[in-house]
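Each chain, written out:
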Amino acid sequence: MNNQWIEFFYGRVTVKVSGKGTERFINVLTRNDFPIWNIKRHGTETITFNMRLKDAKSIRHYARKSGCSISFLRRNGGPFLIRRMLKNSGFLAGAGLFLLLLMFLSNVIWGIEIKGAKPATEYQIRKELDKMGVKIGKLQFFVDNVEGIQRRLTNNVGDLTWVGVELKGTTFHLQVVEKNEPKKPEKLSPRNLIAKKKAVIVNMYIENGQKMVDINDHVEAGQLLVSGAFGQEENPELVAAKGEVWGETWYKSHVELPLVTNFKVYNGKEKEKHFIVIGNLEIPVWGFGKPEFSNYETETNVHKVHFLKWELPISYLNKTLREREDVKRTYTIQEAQQIAIELAKKQINGRLDEDAIIKDEKILHKANKDGKVILDIHFKVIENIAVGQPISKETSE
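Let me sum up the structure you'll find in this document. The model shown is predicted, which means the values in this text are computed figures rather than measured ones. Throughout this description, residue numbers start from 1 for each chain and increase along the sequence as written. Predicted model: local features are reported for residues with pLDDT of at least 70 only, side-chain atom pairs are reported and counted for 80 or more only, and whole-chain, interface and lining totals are derived from all residues. Note: side-chain values were computed over all heavy atoms of the structure, leaving out hydrogens and water.

## A few points about the sheet that holds strand 9 (residues 199–208)
Okay, so step 1: When DSSP finds two or more bridges between a pair of strands, those strands are recorded as paired. Elements are defined by DSSP. Helices are runs of H or I of four residues or more, strands are runs of E of two residues or more, and each kind is numbered from the N terminus. Pairing in this open sheet of five strands is antiparallel, and the strands run 11-9-15-21-20 from one edge to the other. Two strands close off the open sheet at either side, each with one partner strand: strand 11 (218–219) and strand 20 (357–369).
Okay, so step 2: Where strand 9 meets strand 11, two bridges bridge the pair, whose relative direction is antiparallel. Within strand 11, the residue paired with alanine 199 across the bridge is valine 219.
Okay, so step 3: Note on contacts: a residue pair qualifies if any of its non-hydrogen atoms lie within 4.5 Å across the two residues. All axes are obtained by fitting lines to C-alpha atoms, using only the stretch in contact for helices, and the reported angles, taken between N-to-C directions, cover 0 to 180 degrees. Against the sheet, helix 9 (residues 333–351) makes contact with strand 15 (242–258), strand 20 and strand 21 (372–384), and its axis sits at roughly 140 degrees relative to strand 15, the strand it touches most.

This is the structure in structure tokens:
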């Protein structure tokens, strides 16, 4: 027959027919529209053939009329397969439960390894991981993905410069780079200290070298502050000048701040949707229906499903839909000026060393134009202006 799969689904049998009227019996079946196939002769009075299970129950009286006896040799197809499965249902259920348990255990967190961190920092990291729910025995589906874990650790653990998070099988591996690592002793060659910018000297601390300026002196960029040459001019002793020379310097900042700003904020309303993803097909399992709000952003969190060390082409997908609102923020001119000054300070601080101090600020120019407050601000800053300049023998001579 052409559609053997359909026949397998409904069930089929192999029939053995014996007697003198075997050919007559075959002709009767054909005339009564009983599909039969694989007809084989075994001797002069015996044949075998295949037919559908549902037809096999109706052919006995045709066999008796033809003077033949029939028997069923083999039974196969869907109904018999199901019957055998039901007979062995205990074994199949046990095997299925074992595979489900194995898959479940393959998606549980069984280890957290942290490398590159001091004991105190590692304690802080593990404490933060506990707050996030990343702990041994927790299902991977219910914790942040590695990008989210990495972002939260970097933001919440102050001693971290960088942390890399990787999930290998059932273990999270964290590689840590800490802040304030011990600096290697700096080996300095002979040098002078010169001014990196125009300033008025306000304080000095010279550790090594000969000072060439005094407090309240006005210096230009590139001017010699501390010399690394001692002794006679013909044959000086060269050292690495070290120290700090603090000067009052000046900066200008230009800031424009709109009086009215439109932006979007979350209002706290959200809806979660859960999916099983197979290939490109997303099958919803929880959180059906559309959200009650229409203006929202979607955060997607995907967790791969593992079986032992293999990653299956199946994923658990969590979508969080957060409602957002359009908000208009309006400043008065006075408020805008004050905020513009703070923004200018942040800009200046971004250009300064950590130990620099903003001493004073003065508005040089202010204007209101095109719905903006425009400020030009002058800052006085106290900072270390000394930088090293190598000394060569030719220069010293």
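## Side note on unusual backbone geometry
Working note: non-glycine residues mostly have negative phi, and peptide bonds are mostly trans.
Okay, so step 1: A positive phi angle is found at asparagine 216, which is not glycine, with a value near 80 degrees.
Okay, so step 2: Residue position: asparagine 216 is located in the loop between strand 10 (210–211) and strand 11.
Okay, so step 3: Here aspartate 370, not a glycine, exhibits a phi torsion of approximately 55 degrees, which is positive.
Okay, so step 4: Among the structural elements, aspartate 370 can be located in the loop between strand 20 and strand 21.
Okay, so step 5: Think of it in three bands: residues with accessible area under 20% of the maximum for their type are buried, residues over 50% are exposed, and the middle band is partly exposed, with areas taken using a 1.4 Å probe on protein chains only. Taking relative accessible area as the criterion, aspartate 370 reaches 71% and is therefore assigned exposed.

## Notes on helix 7 (residues 119–132)
Okay, so step 1: With 14 residues, helix 7 extends 20 Å between its outermost C-alpha atoms, agreeing within 8% with the 20 Å of an ideal straight helix rising 1.5 Å per residue.
Okay, so step 2: Within the sequence span of helix 7, burial applies to Thr121, Ile125, Glu128, Leu129 and Met132. Looking down the long axis of helix 7, one finds its buried residues gathered within 105 degrees of arc, a one-sided arrangement. Along helix 7, the residues that are exposed and aim more than 90 degrees away from the buried face are Pro119, Ala120, Tyr123 and Lys131.
Okay, so step 3: Residues of helix 7 that are buried make contact with strand 5 (111–115), helix 8 (146–156), strand 6 (160–168) and strand 7 (171–178).
Okay, so step 4: Phi for glycine 133, located one or two positions after helix 7, is positive at around 85 degrees. The span expected for a helix works out to 1.5 Å for each residue beyond the first. Directions drawn from the helix axis to the C-beta atoms are what define this arc.

## As for helix 8
For an α-helix, the turn length of 3.6 residues means that residues three or four places apart are oriented alike.
Okay, so step 1: Residues Gly148, Ile149 and Leu153 constitute the buried set of helix 8. For helix 8, the angular spread of buried residues about the axis comes to 125 degrees, placing them on one side. Of the exposed residues in helix 8, the ones pointing more than 90 degrees away from its buried face are Arg151 and Asn155.
Okay, so step 2: As for helix 8, its buried residues are in contact with helix 7, strand 6 and strand 7.

## Notes on the sheet that holds strand 4 (residues 68–76)
Okay, so step 1: Across the sheet, which stays open at both edges, the four strands sit in the order 2-3-1-4 with antiparallel pairing between neighbours. At either end of the open sheet lies a strand with only one pairing partner, and these are strand 2 (36–41) and strand 4. Each adjacent strand pair in this sheet contributes to an overall mean axis angle of 20 degrees, direction not counted.
Okay, so step 2: Where strand 1 (residues 12–19) and strand 4 come together, eight bridges link them in antiparallel fashion. Paired with lysine 16 across the two strands is serine 71, which belongs to strand 4.

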